[in-house]
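Residue-level structural notes
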Amino acid sequence: MIKLRGKQIIIATLSGLLVLGAGFTANAKAKKVDNRFTVVSVALKPTSETNLTNYVYDTVNPDSANFHQYLTPNEFAQKFGQSGSYVAAFKKYLRNYHLKTNAYAGNLSLKVRGTKNNVNRAFKAKYVNKSKTSYQLPGYLSKRVVAVIGIYAANPNSAKKKTTKKQPAKKPAVDTKSLSSHVDILTSDTNPDTTLSGNSFSKKYGPAKFANRYQLNRLYNQGLAGQGQRIGLIVHTDFRNSNIQKYWQQVGVNSDTSRLHRVYVAGSPKNVTALSNLVFNMAQVETTLDVESASSVAPKADIDAYIDLAPSGATTNASGHYTAFMQAVSDNVDNQISTSFSPGEEAKSGWEDKSANLSQYNHAFNLMLEQAAAQGITVFRAGGDHGPYDVPGTSQTNAVSTSPYQVMVGGTTLPYTKIMHQKLINVNQERAWGDTYSASASDLKKGFFPGGGAGGFSALNPTPRYQLGVPGVNTFRAIQLLKYIGKGHFLVNKNPKVITGTRQGRNFPDVSGNADPQTGYATYIAGNSMTKKHKRVVRIPYKLWLMGGGTSYTTPQMAGANAVMNSGRSTRIGFWNPQIYKFAQETDSPFNVLAGADNNNNLYYTGQPGKIYNQASGLGTINFEKLNAEFNSEGSN
C-alpha cells in the first residue's frame, strides 16, 4: 500500500519498508549569477473583462445569438486579446535582455524564457522579503499586465554571510518543492485481484465500474466512446507508456499507445523524462493514474499530457502550472482539460510564488479559463482529499484554483460492507466521502484519518451568477467531526457540534463521484525505487498494482465522460456550470442529490435535506445518459 504521511512516502513491499522523499530536483541554491533556465508567465488584461465574461455565459445560453458560437484562438485575440503591436513591443523590450518571448494564441498571455539572471535584470527584480519580490516594467508595458508569475530575487544579504567551515559537496537532495502541491494518492489495505481481466476486472476495479455506476455505459451502447476527441491533462511529471498499456490490457480497452501525446512546457523532453523516471514519487503515480483513468473511460480518445516539470529547479510551481494550462488552452485541440495538481493553497502561508500574490494569480487564472470557455473547452479540477482541511488547523482552506470557470469535482463513497480493524463497517447507500470510520484505532489515536472530499467556499472568488438563487448555495450545515491537535494531526470529536449558517463565495464542488479508496479503483505503475545497500544507493525495479482513491480519480474520469458525450456532437459542450445548475433545478434532473445530513459529510460539511446543492457533494452524482440528453436538448432548441 502507499500512503502519504507528512512529506514521506511509505511503500510496503514484500522485501521490506522503503522510505523515499517526494521527488528529486537539481541543486536550486541561489548563486550570484544564476544561469539556470526558467519560464516566467506574463498574464495580460483582455480588452474588456465585462464583455469577455458576458460572452462566456452567452456561449451556453440557448436564448443568446452567441450560443455555441465558440471562438478560435485567433478570433479570441481579435475580440478580447491584446493588440499585435503591444505584444511586439513587449517582445522587443525583453529581447534586449536576451530573453525569448512567445505570445500564446489568443494574446492573453506571454511565455518568457531565459536565464534566471536575465529575467531578473529585465523585470528589475528586487528582494522585498521572504514572501515577496518586486518587479518593474516600462509604463507603456505594465499598464496592461494582470500578473507576472515566477520571478524570484534572492535576499542579497544572505550572499554576504560567510562561513569558516568548508561544506562538503552535496548530492541532489530530496526537495518537495519540485512537486506541485496536493499530490495525495490515498490507498486501501487491499490489492486488486489481477487474476481477473478484461470486463470482469474493469467492472470491479476500472472504467466499467465508473461507467455502470453513473450510466455512462448507456452511451457506450450508442456507439459513443470518445472517437475524434482529445483530452488534455495538466500534469507535473512524465509517465511510462508501458505502464499505461499494461493497465489498458488488464481492463480490456484499446491499448494503442499512439494515442498518447506529450507537451513539455518548462524543460527539454530528455531532461524531463530522465528526472521523472529517476525515482518513485507521488507525482508520477498521480500522472499515471490521470492518464489511465481518462483514457480508459474514453477508450477511443487521444490523450495530450501537458507536463510542467522544470528540471533546472528555477521555474516556480505556480508559473509551471499556469504555463501548462495556457499552452493547452491556446493549442485548442482538446475539447476537455483535466487536472489533479495544484500549485498551492488559498492562504498566504501556503503560497510560494514571490512576484504574483494569490489575488493576482487567481485573476490571471480566471481570465485564462474564460478564454477556454469562450473556445468551448470544458475544464475539470480535482477538489481535494482532505475535506476543507488542506491546511491543517484551519476550518476552510482550499487548493488553488477555485475558479468558477471550471467544474470542481468532489468525492463520494459507494455502498460497501467490510470488517476492518475488528469492526463492521456498513455503508448502505452512496454518500459524500468523509471517512473517520475505516481507520484503525492506532491511526486515529495518532491523529491520522483516511480522508474526505473537498468542499466549501472559496476565499478568492465570489459566488458566480450560475449559483445565485440555487437552494443550498451560500447556506451550510456542518459537523465538527475533527479537532486539530497540531503538527498536521487531528482527533475525532466524541461529541461533535452541529453548525449551521451562511457564507459567501464560490461554492464547491459542483459535482461528485466515487473517490473513497475503500470503494476505489486499480492503478498500475512500474519504475524504480531507491535504497541503501552496503553504503551505496541502488535502484530497485518495482511493479505495483494498488487500490487507490481520491478526487484525483474521479476528475479525469469526468473528463473522459465529457469526451464520450462530445464524440456524438457537432459542437463542443463547452462551459458546463451555467448549464448544469439550470438542469439541476428542473423536474427530471440528471443529478442524484446526496442530501442526507449526519451520515453524509465530507469531514465537516453535510447535506441539507430538501436543498438542491450542498458543500459536501455539490449537485450530487451524475446520470450521464440524462445529462447527455439535456446537453443535446439545449442544442436542438
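To keep things clear, this report deals only with the structure shown in the data block. As the structure is a computational prediction, the values presented were derived from the model and not from experiment. (Residues numbered from 1 in each chain as written. Predicted model: local features only at pLDDT ≥ 70, side-chain atom pairs only at ≥ 80, totals over all residues. Heavy atoms only, no water.)

Comments concerning the overall build of the protein chain
Applicable threshold: Helix and strand assignments come from DSSP, with helices taken as H or I runs of at least 4 residues and strands as E runs of at least 2, each series counted from the N terminus. Each accessible area value is a Shrake-Rupley result obtained with a 1.4 Å probe; residue values ignore everything except the protein chains displayed when judging cover.
Across its full length, the protein chain carries 17 helices and 32 strands. Carbon and sulfur atoms make up 49% of the accessible area of the protein chain, which totals about 25500 Å².

Remarks on the packing of helix H12 (residues 317-331) against helix H13 (residues 358-374)
For clarity, the cut-off: Axis definition: a line fit to C-alpha positions, over the contact stretch in the case of helices; interaxial angles, taken between N-to-C directions, run 0 to 180 degrees. Roughly parallel refers to an angle under 35 degrees, roughly antiparallel to one over 145, roughly perpendicular to one between 65 and 115, and oblique to any angle outside these ranges. Each helix crossing is assigned a hand: it is left-handed if the near helix lies turned anticlockwise from the far helix by less than a right angle, otherwise right-handed if that turn is clockwise. Any two residues whose heavy atoms approach within 4.5 Å at even a single point are treated as in contact.
In contact at an axis separation of 10 Å, H12 and H13 are set at 15° when each is read in the N-to-C sense. Between H12 and H13, the crossing angle belongs to the class labelled roughly parallel. The two elements H12 and H13 meet at a crossing, and its hand is left-handed. Of H13, the residues touching H12 (which contributes Ala318, His321, Tyr322, Phe325, Met326 and Val329) are Tyr361, Ala364, Phe365, Met368, Leu369, Gln371 and Ala372.

Quick word on the sheet that holds strand E4 (residues 37-44)
Adjacent strands of a sheet form backbone hydrogen bonds with each other and so pair up, either parallel or antiparallel. Definition in use: The pairing criterion for strands is at least two bridges between them, as found by DSSP.
Read from one edge to the other, the open sheet built from four strands follows the order E5-E6-E4-E9, with strand pairing classed as antiparallel. Two strands close off the open sheet at either side, each with one partner strand: strand E5 (100-103) and strand E9 (145-149). Neighbour-to-neighbour, the strand axes of the sheet open up by a mean angle of 20°, direction not taken into account. Note that E4 and strand E6 (residues 109-115) share seven bridges and pair antiparallel. Bridge pairing links valine 42 to leucine 110 in E6. Sheet contacts for helix H3 (residues 84-95): E4, E5, E6 and E9; angle to E5, the most-contacted strand, approximately 165°. Contacts between H12 and the sheet are confined to E4, E6 and E9, with E4 contributing the most and set at about 65° to the helix.

Things to note about the nonpolar core
Stated precisely, the cut-off is as follows: Among buried residues, the Ala, Val, Leu, Ile, Met, Phe, Trp, Tyr and Cys ones that are joined through side-chain atoms within 4.5 Å form a nonpolar core. Working definition: with a 1.4 Å probe on protein chains only, accessible area under 20% of the residue-type maximum means buried, over 50% means exposed, and in between means partly exposed.
Judged by nonpolar contacts, the single largest core of 120 residues is most densely connected at Trp576, Phe624 and Leu627. Per element, the largest residue contribution to this core is ten residues, and it comes from H13. Beyond its immediate stretch of four places on either side in the chain, tryptophan 576 contacts Thr378, Phe380, Val407, Asn562, Met565, Ile622, Phe624, Leu627 and Phe631.

What about helix H1 (residues 49-58)?
Among the residues of H1, those classed as buried are Leu52, Thr53, Tyr55, Val56 and Tyr57. Where H1 is buried, its residues contact helix H2 (73-79), H13 and helix H16 (576-583).

Looking at the side chain of serine 512
Short version of the rule: Throughout this description, a polar contact denotes any pair of N or O atoms lying within 3.5 Å of each other; where both atoms belong to protein, one of them has to be capable of donating a hydrogen while the other can accept it, and for residues adjacent in sequence the pair is counted only when both atoms sit in side chains.
Mapped onto the elements, serine 512 comes out in strand E28 (residues 511-514). Residue classification places serine 512 among the buried positions, given a relative accessible area of 1%. A distance of 3.0 Å separates the side chain of serine 512 from the backbone oxygen of serine 617, its partner in a polar contact. Setting aside its immediate chain neighbours within four residues, serine 512 contacts Gly410, Gly411, Thr412, Met558, Ala616, Ser617, Gly618, Gly620, Thr621 and Ile622.

Re the environment of alanine 77
Along the chain, alanine 77 falls in helix H2. Counting along the chain gives 30 residues from alanine 77 to threonine 47, while the straight-line C-alpha distance between them is 9.5 Å. Other than its neighbours up to four places away in sequence, alanine 77 contacts Gly106 and Asn107.

Overview of the packing of aromatic side chains
Basically, it comes down to this: Ring geometry is summarised as follows: Phe, Tyr and Trp rings, the Trp one being its six-membered ring, pair when their centres sit within 6.5 Å, and such pairs are stacked at plane angles under 30 degrees, edge-to-face over 60 and tilted between the two. Here, a charge over a ring means that NZ of Lys or CZ of Arg falls within 6 Å of the ring centre while also lying within 35 degrees of the ring normal.
A full pass over the atoms with the stated rule returns 31 aromatic pairs. Aromatic side chains phenylalanine 76 and phenylalanine 80 sit 5.5 Å apart centroid to centroid with 50° between the ring planes, which places their arrangement in the tilted category. Across this residue pair, the class does not change: phenylalanine 76 and phenylalanine 80 are buried. Ring geometry for tyrosine 361 and phenylalanine 365: centres 5.7 Å apart, planes at 40°, overall tilted. Of this pair, tyrosine 361 and phenylalanine 365 both sit in helix H13, separated by four residues, roughly a single helical turn. Across this residue pair, the class does not change: tyrosine 361 and phenylalanine 365 are buried. The side chain of arginine 262 reaches across the aromatic face of phenylalanine 239, ending 3.9 Å from its centre. Over the aromatic face of tyrosine 57 sits the side chain of arginine 465, whose NZ or CZ is 4.0 Å from the ring centroid.

Examining unusual backbone geometry
A negative phi angle is the norm for most residues apart from glycine, just as the trans form is the norm for most peptide bonds. Cis geometry is adopted by the peptide bond preceding serine 401, which originates at valine 400 and carries an omega value of 15°. Looking at the element boundaries, serine 401 is found in the loop between strand E15 (378-382) and strand E16 (407-413). Going from phenylalanine 508 to proline 509, the amide bond is cis rather than trans, its omega being 10°. Relative to the helices and strands, proline 509 resides in the loop between strand E27 (507-508) and E28.

Some details on the environment of alanine 266
Following the sequence through the fold, alanine 266 ends up in the loop between strand E12 (260-264) and helix H10 (269-276). Given a relative accessible area of 3%, alanine 266 falls into the buried group. Distance from alanine 266 to alanine 310, taken between C-alpha atoms, is 5.0 Å for residues 44 residues apart in sequence. Residue contacts for alanine 266: discarding those within four places in its chain leaves Phe37, Val39, Ile307, Asp308, Leu309, Ala310 and Pro311.

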